[in-house]
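For reference, the chains in residue letters:
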Amino acid sequence: MTRYLLRRLAASLLLLLLLVSLLFVLLHAVPGDPLNALAGGQLERLTADQRARLERVYGLDRPIGVQYLAWLAAAARGDWGISISRQRPVARVIGEALPATVLLALTAVAIDAAISLPLGIWAARRRGAASDRLVRGLGLLLYALPSFWLALMAVYVFAYLVPIFPASHAADPGAAALPALERFADRLHHLALPALVLGVATTGGTVRYVRNSLLGVLGQDYVRTARAKGLSERRVLWVHAMRPALAPVLQLFGVTLPALLNGVLVTEVIFSWPGIGQLAFQAIRALDYPLVLAIAVLSGALVIAGNLAADLLHAAADPRVRDALLETP
Amino acid sequence: MRADRQLPRLPAAALLVLAAALAAAGCDRDRVAGESAEPAGGEPRRGGQVVIGFSSDIAGVNQLIHASNRPTESVLRQVYLQLVRENADFESGPPTFRPDLAERWEWSDDHETVTFHLRDDAGWSDGRPVTAADVRFSWQAQIHPDVAWDTAYYKESITDVEVVDPYTVRFHFSRVYPSQLLELNEGYILPAHVFGEIPFEQWRTHGQWFREHAVYAGPFVIESWTPQQEIVLARNERYYDPELPRLDRAIFRVIPDASSRVTQLLSGGTDFTDSLSPEDAARIERDPRLEVKDFWGPAYMYIGWNLRREPFDDARVRLALTLGIDRQTLVDNVWGSFGRVSHSPVLQNVWIHADDIEPHPYDPERAKRLLAERGWIDRDGDGVLDKDGQRLSFELMTNADNRQRVDATVLIQSHLARIGVEAVPRLVEFQTLLTRMEESDFDAVLAAWTLPTGLDFKYAFHTDEIGDGSNYIGYSNPEVDRLLDEIRAQPELTDAEPLLLELQRTLHRELPYTFLWESKRAVGINRRVHDVDANVLYVHYNLYDWWVEQ
């Protein structure tokens, strides 16, 4: 098991390295100059001397290979550099944005699970019935809807037509001055709409997955055996079928992390949510190399960790998988 | 390098593009001016707050190390002082100024030194007084090469800033020119006792430090700043005018999406929003609780021809292309009532605009004749003119994120097709557009400049500005160079009047640019806010005067 973990970790690191290397090259191949954003789009206002000094401050004067190695060496030490567009340490900038994204993403996953699990189980138990077809149809529809459209519709309906939720931001104007409890309530009020959009957007896929996974298990011999023993349907379902059926669902949450991060980007931009997604959007626009790279490493690491965690969870939930892992040479 | 470039007022003013281009990375500046305060309903009241919709977050609290974008500028001008403030009278004559930190100032007879007498009741928010030492320190920071302020070239003719006593400071110049006061005044007075703790060499990497330690002397202080969300300004209790500001708070709310900004104004979530489209302005005007104010300018849109490339090196061809574009229809389609055809780099509402210019009409027949005289005839019958086996076809480049520009390229394509010219729209990302312009790697670009209020157009049209400067089209005309140099050698801008008129006529004849349109900038305001004296360059300039009803 330990060997398996170590191997997976090594492979993950290698993957991450490949990812950032590729991104580093691609970023520098994009036409444009990060100093341009710094000079308000008016690079020609800087004198050659000023430009040279700025390039030196941000390390842009060195050959790209040297920049790459220096960046890698610093990153390995945990030094993510100075954001070119913000003149502040990248770690600080990301540290400010991360809590908002974690809050949003976790709430969305919880909403997704709270909707998908019961619906998926319900549909599986009524396989072929009208209710099953309805759930599957709705699931497919949701799956096909682009999340930005869902977000815009949600704003239109719940913030404009029936204004029960704020259309954007993580807090009301001036909320920082409120007492803690009111500030918390205000935060929840603002969280509701983006989290619902993000959570519901992934529900379509999850609900179908839960249903199919459970149906697969219900068709297994041991379930038939359990039924043959005369166990109640309830006991068959919740004791014998659920655990192996949920294992792949847990895995799904790990595997769909890239889609979730993608949704975070869109949702945060539309709702002006002060998280990593919006930060990434702005960093890319400004060609802020250190900031873009750090965000890429962070989200890349998250995705890889999500996959790893999914496999381990799967193993923990399904004895057959666990045994297979332990036997791996 | 950029020795004596004088762009009176806005550093960013002269510069590229984007008046309407980039809400997010906006490049022209918001700034001051005027005394056209509008009569308000009732007595001004002290207290309350306003919420202002903002397109993007501010870059930081130290002006010298950050990108000079509109939001940053709008906030910083509320929290720092300048020696004097420019009035918003650039339309009616050369810029004038009113006191700020300096109560009064006098010039030496040779006009090479100016002495400012500072008020003794201005203080930083930590209780320290604002003195001549702060003025000198600010100048030292502005010109320090490692600070690399993008507007440092304004200060190139200042040889010294002398502290005469704590409340008297004297500027020495190496030469006399029209924009001396305007340029020396550019940039805010910074707190020497705080910012001086960080060596200039390290300023560029200390944005975080400045943010944590800044003190302020303007009418407001930054009370809190939640990145990507809002900047809360609160009354500076130490501001030198105890009557001002009237508001307790002004909250700048970051709302990157333009339609969300409008929705929030309509729903009462914000009190003020900027850069409305004609459609949004109409929607807002229908709401009795809201009002719209609009102003012409500050930018003009044009097609810049790459004069290094054939056939754009030929003024007759440029004239034919200009005559071949139905600019009135173009403006009507793209801007509606918010646009008008432009004929000169001097906007039509500015005092020195050459009214005697006869606009080039839409005349496709004459355009075709002119092109035929130059040998451009459709010999192979493919609908596009040709000459020596070359088709009259070019790429018209602009940035894809600006709807008006994109629409315009398509309309221009269809107009020019009627005279047998193939203009292929080429839409690129904004950064790419800048790079291609800088490298002169284009046929023609659709771009814009913001009007420099000091009316110095050297940056765009002088031979010296080819290469390193902003004359990216490669325009070189000894007559124009002479006019530009002479304008800059006049002691007062008013003396340059005949030269400025002559310059406009020459550009209109030569057409290095085909001028397309001027447009309006419009703001939406909730009527509960009074005494808003917005103007085209500085929409929240008199924030300290604003007041709200109970």
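Residues numbered from 1 in each chain as written. Chains lettered and ligands numbered in written order. Predicted model: local features only at pLDDT ≥ 70, side-chain atom pairs only at ≥ 80, totals over all residues.

1. Let's talk about the overall build of chain A
Selection criterion: Counting from the N terminus, the helices are DSSP H or I runs at least four residues long and the strands are E runs at least two residues long. Exposure criterion: with C-beta atoms placed from backbone coordinates, a residue whose C-beta has 20 or more other C-beta atoms within 10 Å is buried, one with 12 or fewer is exposed, and one in between is partly exposed. By the convention adopted here, residues make contact when the C-beta atoms placed from their backbones lie within 7 Å.
Regarding its fold elements, chain A presents 14 helices and zero strands. The secondary structure elements of chain A, listed N-terminal to C-terminal, are α-α-α-α-α-α-α-α-α-α-α-α-α-α. Considering only C-alpha atoms, chain A reaches an extent of 85 × 60 × 40 Å along its principal axes. In chain A, buried positions account for 42% of the 329 residues. A separation threshold of at least 6 residues defines the contact pool for chain A, and within that pool the share at least 24 residues apart is 73%.

2. Details of the overall build of chain B
Cut-off, in case you're wondering: Taken over C-alpha atoms, the radius of gyration is set against a globule rule of 2.2 Å times the number of residues to the power 0.38.
Helix and strand content of chain B: 15 helices and 21 strands. Computed over its C-alpha atoms, the radius of gyration of chain B comes to 24 Å, within 12% of the 24 Å expected for a compact globule of 550 residues. Each principal axis of the C-alpha distribution contributes one length, and for chain B these read about 80 × 55 × 45 Å. Burial analysis of chain B (550 residues in total) assigns 56% to the buried set. Long-range pairs, those at least 24 residues apart, make up 71% of the contacts in chain B between residues at least 6 apart in sequence.

3. Notes on the environment of Glu212(B)
All names here are of chain B. Tracing the backbone through its elements, the reader meets Glu212 in helix α5 (residues 207-213). Judged by local crowding, Glu212 falls into the exposed class, with 9 C-beta atoms found within 10 Å. Sequence separation of Glu212 and Val61 is 151 residues, and the distance between their C-alpha atoms is 9.4 Å.

4. Side note on helix α6 (residues 258-266) of chain B
With seven of nine residues buried, α6(B) is to be regarded as a mostly interior element. What α6(B) keeps buried is the set Ser260(B), Arg261(B), Val262(B), Thr263(B), Gln264(B), Leu265(B) and Leu266(B). Against the buried residues of α6(B) lie α7 (147-161) of chain A together with β1 (49-54), β11 (272-273), α7 (278-285), β12 (290-305) and β19 (513-526) of chain B. Immediately downstream of α6(B), the backbone of Gly268(B) shows phi near 85°, a positive value.

5. A few points about the nonpolar core
Counted only if it meets this: Structurally, a nonpolar core is described as a collection of buried Ala, Val, Leu, Ile, Met, Phe, Trp, Tyr and Cys residues joined by way of C-beta atoms within 7 Å. An automatic or database domain assignment is the source of the domain bounds shown.
Membership of the largest hydrophobic core comes to 214 residues, with the highest contact counts inside it found for Leu104(A), Ile295(A), Val79(B), Ile189(B), Tyr216(B) and Ala250(B). Built from parts of two domains, this core gets at least three residues from each of domain 1 (81-203) and domain 2 (297-520) of chain B. Look past the residues within four positions of Leu104(A) in its chain and what remains in contact with it is Leu191(A), Pro194(A), Ala195(A), Leu198(A), Val264(A), Trp273(A) and Gly275(A). Listed in part, the 19 residues of the second largest apolar core include Val135(A), Leu214(A), Val249(A) and Phe253(A).

6. Here's the deal with helix α1 (residues 2-29) of chain A
The line we're drawing: Multiplying 1.5 Å by the helix residue count minus one yields the expected span of that helix.
For α1(A), with 28 residues, the first-to-last C-alpha span of 41 Å sits near the 40 Å given by 1.5 Å per residue. With one of 28 residues buried, α1(A) is to be regarded as a mostly surface element.

7. Regarding the pairing of strand β16 (residues 393-399) of chain B
Side-chain direction in a regular strand flips from residue to residue, so the side chains alternate between the two faces of the sheet. Residue and element names in this part refer to chain B. As a reminder of what qualifies: We call two strands paired when DSSP finds no fewer than two bridges between them. Seen with its strands pointing away from the viewer, a crossover is right-handed if its path from the first strand over the helix to the second goes clockwise.
Most of β16 sits out of view: five of its seven residues are buried. In the sheet, β16 pairs with strand β17 (residues 422-428) via seven bridges, with the strands oriented parallel. For Glu395, the partnering residue across the bridge sits in β17 and is Val424. Regarding the hand of the β-α-β motif, the stretch spanning β16, helix α11 (residues 403-417) and β17 is right-handed.

8. Focus: the environment of Leu371(B)
Residues and elements named next belong to chain B. Looking at the secondary structure, you find Leu371 in helix α10 (residues 364-373). Remark: the alpha-carbon pair of Leu371 and Ile419, spanning 48 residues in sequence, is separated by 9.1 Å. Beyond its immediate sequence surroundings of up to four residues, Leu371 is in contact with Val317, Ala320, Trp376, Leu385 and Ile419.

9. Examining the interface of chain B and chain A
For clarity, the threshold we go by: Residues were grouped as follows: Ala, Val, Leu, Ile, Met, Phe, Trp, Tyr, Cys and Pro as nonpolar; Asp, Glu, Lys and Arg as charged; and all remaining residues, including Gly, as polar.
Each partner contributes residues to the interface: chain B has 53 residues there, and chain A has 42 residues. Contributions of two or more residues to the side of chain B that touches chain A are made by β1, α5, β8 (220-226), β9 (230-235), β10 (249-254), α6 and α12 (430-438) of chain B. Considering each element in turn, the side of chain B that touches chain A owes the most residues, five residues, to α12(B). Here the side of chain B that touches chain A is composed, by residue class, of 23 nonpolar, 21 polar and nine charged.

10. Let's talk about the confidence of the model for chain B
Residues and elements named next belong to chain B. The line we're drawing: In predicted models, pLDDT denotes the confidence assigned by the predictor to each residue on a 0 to 100 scale.
Residues of chain B with pLDDT of at least 70 account for 92%, and the chain-wide mean is 87. By mean pLDDT, α12 is the weakest element of chain B at 81, and strand β7 (residues 168-173) is the strongest at 97. Below a pLDDT of 50 lies the segment residues 1-40, which in the model reaches 163 contacts outside its immediate sequence neighbourhood of four places, other chains included. Scored by ipTM, the complex comes to 0.73, with pTM at 0.79.

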